[in-house]
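# Structural overview for review
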Amino acid sequence: MARAGLTSERISEAGAELADEVGLDRVTVSEVARRLGVKAPSLYAHVASSDDLRTRIALLALQEMADLGAEALAGRAGQDALAALGDVYRDYGHHHPGRYDAARLPLDAATAAASAGPRHSAMMRAVLRGYDLTEADQTHAVRLLGSVFHGYVSLERGGGFSHSSPDAQQSWEKILESLHALLLGWPTS
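Overview of the structure. In this text the structure is predicted, and so the values were computed from the model without any measurement.

## Looking at unusual backbone geometry
- Along the chain, S165 connects to P166 via a cis peptide bond; the corresponding omega equals 0°.
- Mapped onto the elements of the fold, P166 is located in the loop between α9 (135-157) and α10 (168-184).

## Some points on the pattern of salt bridges
- If you walk through the whole model with that rule in mind, you get 13 salt bridges.
- Salt-bridge contacts for R90 lead to E156; the nearest nitrogen and oxygen are separated by 2.7 Å. Of this pair, R90 sits in helix α5 (residues 78-95) while E156 is found in helix α9, placing the two residues 66 residues apart along the sequence. Here R90 matches E156 in class, with each residue buried.
- One network of salt bridges, in which partners are shared, links E13, D20, E64 and R99.

## As for helix α8 (residues 117-128)
- The end-to-end C-alpha separation of α8 is 17 Å, in line with the 16 Å expected for 12 residues at 1.5 Å each.
- Considered for burial, the residues of α8 that qualify are H120, M123, M124, V127 and L128. Summarising the axial view, the buried residues of α8 lie within an arc of 145°, below the 170-degree limit, and thus occupy one face.
- The inward-facing, buried residues of α8 contact α4 (50-73), α5, α9 and α10.

## Brief notes about the environment of A116
- Looking at the element boundaries, A116 is found in the loop between α7 (109-114) and α8.
- Residues A116 and A58 lie 58 residues apart in sequence; the distance between their C-alpha atoms is 9.8 Å.
- Beyond its immediate chain neighbours, meaning those up to four positions away, A116 contacts L62, Q63 and A66.

## Quick word on the nonpolar core
- Ranked by size, the top nonpolar core spans 31 residues in total, and within it L82, L85, L128, L145, F149 and L183 carry the most contacts.
- Elements with a minimum of two residues in this core: α4, α5, α6 (97-103), α8, α9 and α10.
- Element by element, the count of residues in this core is highest for α9, at six residues.
- Ignoring anything within four residues of it in the chain, the contact list for F149 reads L82, L85, G86, Y89, Y100, M124, W172, L176 and L179.

## Things to note about α5
- Relative to the 26 Å expected for 18 residues at 1.5 Å per residue, α5 spans 26 Å between its end C-alpha atoms, a close match to the ideal helical length.
- For α5, the secondary structure elements touched by its buried residues are α4, α6, α8, α9 and α10.

## Looking at the layout of surface pockets
- In this model, the largest pocket occupies a volume close to 290 Å³.
- Taken together, 16 residues form the lining of the largest pocket, with L62, A103, R104, G117 and H120 sitting closest to its centre.
- When residues of the lining of the largest pocket are traced back to their parent elements, those giving at least two are α4, α8 and α9.
- The element that contributes the greatest number of residues to the lining of the largest pocket is α8, accounting for four residues.
- Residue composition of the lining of the largest pocket, grouped by class: nine nonpolar, six polar and one charged.

Cut-offs and rules
Residues numbered from 1 in each chain as written. Predicted model: local features only at pLDDT ≥ 70, side-chain atom pairs only at ≥ 80, totals over all residues. Heavy atoms only, no water. Helix = DSSP H or I, 4+ residues; strand = E, 2+ residues; numbered from the N terminus. Salt bridge = Lys/Arg side-chain N within 4 Å of Asp/Glu carboxyl O. Buried < 20%, exposed > 50% of the residue type's maximum accessible area, 1.4 Å probe, protein only. Expected span 1.5 Å × (residues − 1). Arc of directions from axis to C-beta. Contact = heavy atoms within 4.5 Å. Core = buried A, V, L, I, M, F, W, Y, C linked by side-chain atoms within 4.5 Å. 1 Å grid on protein atoms, 1.4 Å probe; cavity = no way out; pocket = protein on both sides within 12 Å on 5 of 7 lines; lining within 4 Å. Points joined across faces, edges and corners; volume = space filled by probe spheres on them. Nonpolar A, V, L, I, M, F, W, Y, C, P; charged D, E, K, R; others polar.

Following this line, the structure appears as structure tokens:
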């Protein structure tokens, strides 16, 4: 029988908080149980394993980022929308590093399809409606934006820009301006 007060959501949130504090790779059912003040077997009524727990953290992170992205995009278009969505990913990566790493975990096809992942793609396509791209080119552009956003966050979080000038924020702003210019002049097939 499940311990009173324990839910899958509460366990996932505790795991996400732990991931942000110590890193996703150190999140285990045992560590989350310690955080919640219970024995690990109490959690197994809600999560199957540490891998299952990390998948649940990934789903939570994808949902949180999708909600933040939708809020940031409301009423915006073009370059303003592009910058707003990029800032959501960058800010989330800095404020929630463990959750952000979880959101990058590979998911099986069924889990990915049922997650907030498709919302992320839809938000990127919404941003791209401000540019004259075919549907096929939108797919390439979604992949480009994802690569730039996630690549920059990964490099910045890893200290890749901390030892040189200009400041990383200036580079980020220049990259977003450059992405806007590239999307405006997207090569036609």
